[in-house]
Amino acid sequence: MKILLVLAHSKIKGYLLYQLTSSILQPSLTLAQLVAITPEKHRIELVDGRYQNINYNWDGDIVGISSLTYAVNNAYEIADEFRKRGKTVVIGGYHASALPDEAKKHADSVVIGEAENSWPQLLEDFEKGEIKSFYHSNPADPKNIPPAKRILQKNISIVSRIQATRGCPNRCEFCCIGNVETHKFRKRPIENVIHEIKSLKTQSFSFDDSSLTIDLEYTKDLFIELKKINKKFTCYGNINILNDNQELIKLSKEAGCMTWSIGLESVNQESLNNAMKTNKVEIFEKAIKKIRKHGIMVKGLFIFGFDQDKLDVFHNTIKAIKKWEIDLAYFSILTPFPGSALFKRYEKEGRILTRDWDKYTCGYVVYKPERLTDKQLFQKTKELTDKFYTLPKNLKRSFDFNNLSFSRFASKFLYNNIDKTYIKMRMKQEK
Ligand code: SF4
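A brief structural summary. Everything quoted here is computed from the prediction, not taken from an experiment.

Reading the values: rules and limits
Residues numbered from 1 in each chain as written. Predicted model: local features only at pLDDT ≥ 70, side-chain atom pairs only at ≥ 80, totals over all residues. Heavy atoms only, no water. Pairing = 2+ DSSP bridges. Helix = DSSP H or I, 4+ residues; strand = E, 2+ residues; numbered from the N terminus. Axes fitted to C-alpha atoms, helices over the stretch in contact; angles between N-to-C directions. Contact = heavy atoms within 4.5 Å. Expected span 1.5 Å × (residues − 1). Buried < 20%, exposed > 50% of the residue type's maximum accessible area, 1.4 Å probe, protein only. Arc of directions from axis to C-beta. Right-handed = clockwise from strand over helix to strand, strands pointing away. Core = buried A, V, L, I, M, F, W, Y, C linked by side-chain atoms within 4.5 Å. Polar contact = N/O pair within 3.5 Å; in protein donor to acceptor, adjacent residues only side chain to side chain.

**Overview of the sheet that holds strand S11 (residues 232-237)**
Then step 1. The strand order across the open sheet formed by six strands is S7-S10-S11-S12-S13-S14, and the pairing between neighbours is parallel. Across the chains shown, the open sheet's two edge strands, defined by having one partner strand only, are strand S7 (159-162) and strand S14 (328-333). Strand-to-strand twist of the sheet, defined as the mean angle between neighbouring strand axes without regard to direction, takes the value 20 degrees.
Then step 2. For S11 and strand S12 (residues 257-265), the ladder comprises five bridges, and the chain directions are parallel. By the bridge assignment for S12, Tyr236 is matched with Ser261.
Then step 3. Packing against the sheet, helix H8 (residues 216-226) makes contact with strand S10 (204-207), S11 and S12, and its axis sits at approximately 175 degrees to S10.
Then step 4. Against the sheet, helix H15 (residues 374-388) makes contact with strand S13 (297-304) and S14, and its axis sits at roughly 165 degrees relative to S14, the strand it touches most.

Below, the structure is given as structure tokens:
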């Protein structure tokens with residue numbers, strides 16, 4: 001059987017740097033994971049919609065489309081086009097898992113949640129002519145998650161992506177990880193993860209895990225094994241755990257960690273108390289210094305527009321991150337994704353302004369903020385982004401006096417520019 005797997009991408013295109021970097025630095029892990037769980041007897045073709053076009057005259061049997069919310073309208077258009085041509089279409093991913101009935105209007109079948117158990121079953125049913133409308137399976141057993149198969153991807157990536165764990169037990173109000181990975185935290189056996197990392201063709205990789213600080217013993221054991229392999233990586237972690245665990249930071253450095261990406265989310269403690277109870281602003285600076293002391297970069301992820309955010313949050317953020325000497329930062333506008341607790345609350349309060357999923361990019365205001373107007377929220381986030389990413393500031397941030405190598409400078413400068421491009425691209429619709 002011939003299968004086409006598509007990663008849908010939003011219609012907001014046009015940034016050559018984005019297309020280039022997604023191909024070189026962010027190869028799709030979803031597509032590689034889907035290839036890995038597809039029985040070998042089938043022939044598979046891939047389209048990464050971020051930088052590849054679709055051939056609607058494709059001559060095959062079944063099309064599987066994965067999509068996040070911001071790209072789902074595009075996924076629906078692709079699905080409709082293929083169905084017009086008589087192909088069977090399956091849709092999965094975070095959005096379809098939250099709103100399966102909506103996705104079903106454009107597909108023969110919808111995969112809800114993780115695909116490890118349901119996708120092979122769906123293919124078997126399809127061959128028998130018995131495909132079901134919905135496939136909902138329990139979270140995958142981490143022992144049975146196979147290594148991602150990257151061989152079919154047509155790109156020249158210099159970074160790979162991998163997952164050691166799935167799920168997150170935290171329940172941040174704005175997060176929709178529960179749509180697919182669930183809140184059940186699961187760890188792949190370390191030998192399986194190390195085996196997959198050893199097989200990567202690239203020298204660098206990123207852990208796509210929601211956080212590598214959930215089970216410290218597991219992560220420490222993983223880092224000890226990683227020390228034996230000469231690879232570099234980036235990963236996500238929680239600030240409160242990193243602050244209390246110097247040993248973990250040290251081990252991560254020895255294992256090859258270049259950057260800890262941390263959801264700091266806000267410098268406004270009131271906002272954090274509601275949205276993400278584990279973060280305490282008072283420890284941010286201390287924790288960032290502890291990580292940077294080891295020569296590891298810190299990337300802070302920030303969200304604006306929490307109910308407690310007032311106009312001063314923008315100025316306070318710029319002031320704080322300058323003082324902390326943060327290496328990289330990413331700014332988002334709060335977005336209530338379908339499936340999140342935030343979406344449910346805003347819907348109940350009548351505060352969802354639009355269900356145009358194209359606008360759910362984290363760069364657009366899709367709900368009615370509490371203490372800001374929607375225009376202020378958009379404009380101030382944009383101004384802050386412009387202020388943070390001026391050329392002189394990017395250059396200054398890229399000089400690392402603890403590490404005066406050209407490669408360090410180049411990677412910081414490159415990532416500063418990439419982040420700026422991504423944020424701007426996501427805000428583009430407002431123009
Ligand atoms: S935002 Fe991060 S820490 Fe919070 S629930 Fe989601 S994955 Fe977990």
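**Here we look at H15**
Residues three or four positions apart in an α-helix share a direction because the helix packs 3.6 residues into each turn.
Then step 1. An ideal rise of 1.5 Å per residue puts 21 Å on 15 residues; H15 measures up with 21 Å between its terminal C-alpha atoms.
Then step 2. Restricting attention to buried positions, one finds in H15 the residues Leu377, Phe378, Thr381, Leu384, Thr385 and Phe388. In an axial view of H15, the angular spread of the buried residues amounts to 135 degrees, which keeps them on one side of the axis.
Then step 3. Against the buried residues of H15 lie S13, helix H13 (312-324), S14, helix H16 (391-398) and helix H17 (406-426).

**Things to note about the sheet that holds strand S3 (residues 62-66)**
The strands making up a sheet associate through backbone hydrogen bonding, with each pair oriented either parallel or antiparallel.
Then step 1. Read from one edge to the other, the open sheet built from six strands follows the order S2-S1-S3-S4-S5-S6, with strand pairing classed as parallel. A single partner strand is all that each edge strand has here, and the edge strands are strand S2 (43-48) and strand S6 (134-136). Neighbour to neighbour, the strand axes of the sheet diverge by 20 degrees on average, direction disregarded.
Then step 2. Here strand S4 (residues 88-92) pairs with strand S5 (residues 109-112) via two bridges, running parallel. Bridging from a neighbouring strand, Val90 pairs with Ser109 of S5.

**Regarding the pairing of S3**
Then step 1. Summarising burial for S3: five of the five residues are buried, a large majority.
Then step 2. Residues Ile62, Gly64 and Ser66 point to one face of S3 and Val63 and Ile65 to the other, with burial holding for every one of them.
Then step 3. Each parallel crossover has a hand, and for S3 linked through helix H3 (residues 72-84) to S4 it is right-handed.

**So, the nonpolar core**
Then step 1. Counting residues in hydrophobic clusters, the biggest one holds 107 residues, and the most contacted among them are Ile65, Phe207, Leu226, Trp260, Phe302, Trp324 and Phe331.
Then step 2. Setting aside its immediate chain neighbours within four residues, Phe302 contacts Leu264, Glu265, Ser266, Val267, Thr317, Ile321, Trp324, Ile326, Ala329, Tyr330, Phe331 and Ser332.
Then step 3. Listed in part, the 18 residues of the second largest apolar core include Leu5, Leu46, Val90 and Trp119.

**Here we look at the environment of Ile333**
Then step 1. Of note, Ile333 is situated in strand S14.
Then step 2. In this structure, the C-alpha to C-alpha distance between Ile333 and Arg345, residues twelve residues apart in sequence, is 17 Å.
Then step 3. If near-sequence neighbours (up to four positions away) are discounted, Ile333 is found in contact with Ile303, Phe304, Cys362, Gly363, Tyr364, Val365, Leu377, Phe378, Thr381 and Met427.

**Some words on the side chain of His9**
Then step 1. Mapped onto the fold, His9 is located in the loop between strand S1 (2-7) and helix H1 (16-24).
Then step 2. Within the structure, the side chain of His9 is placed 3.4 Å from the side chain of Tyr70, a separation counted as a polar contact.
Then step 3. Once residues lying within four places of it in the same chain are set aside, the contact partners of His9 are Tyr18, Gly49, Arg50, Tyr70, Ala71 and Asn74.

**A word on the environment of Thr361**
Then step 1. Along the chain, Thr361 turns up in the loop between helix H14 (341-348) and H15.
Then step 2. On the basis of relative accessible area, Thr361 is assigned to the buried category, the value being 2%.
Then step 3. Thr361 sits 351 residues away from Ser10 along the chain, and the two C-alpha atoms are 8.9 Å apart.
Then step 4. Within the structure, the side chain of Thr361 is placed 3.0 Å from the backbone nitrogen of Gly363, a separation counted as a polar contact.
Then step 5. In terms of polar contacts, Thr361 uses its side chain to reach the backbone carbonyl oxygen of Arg426, at 2.7 Å.

Purely spatial values, then, with no claim about function.
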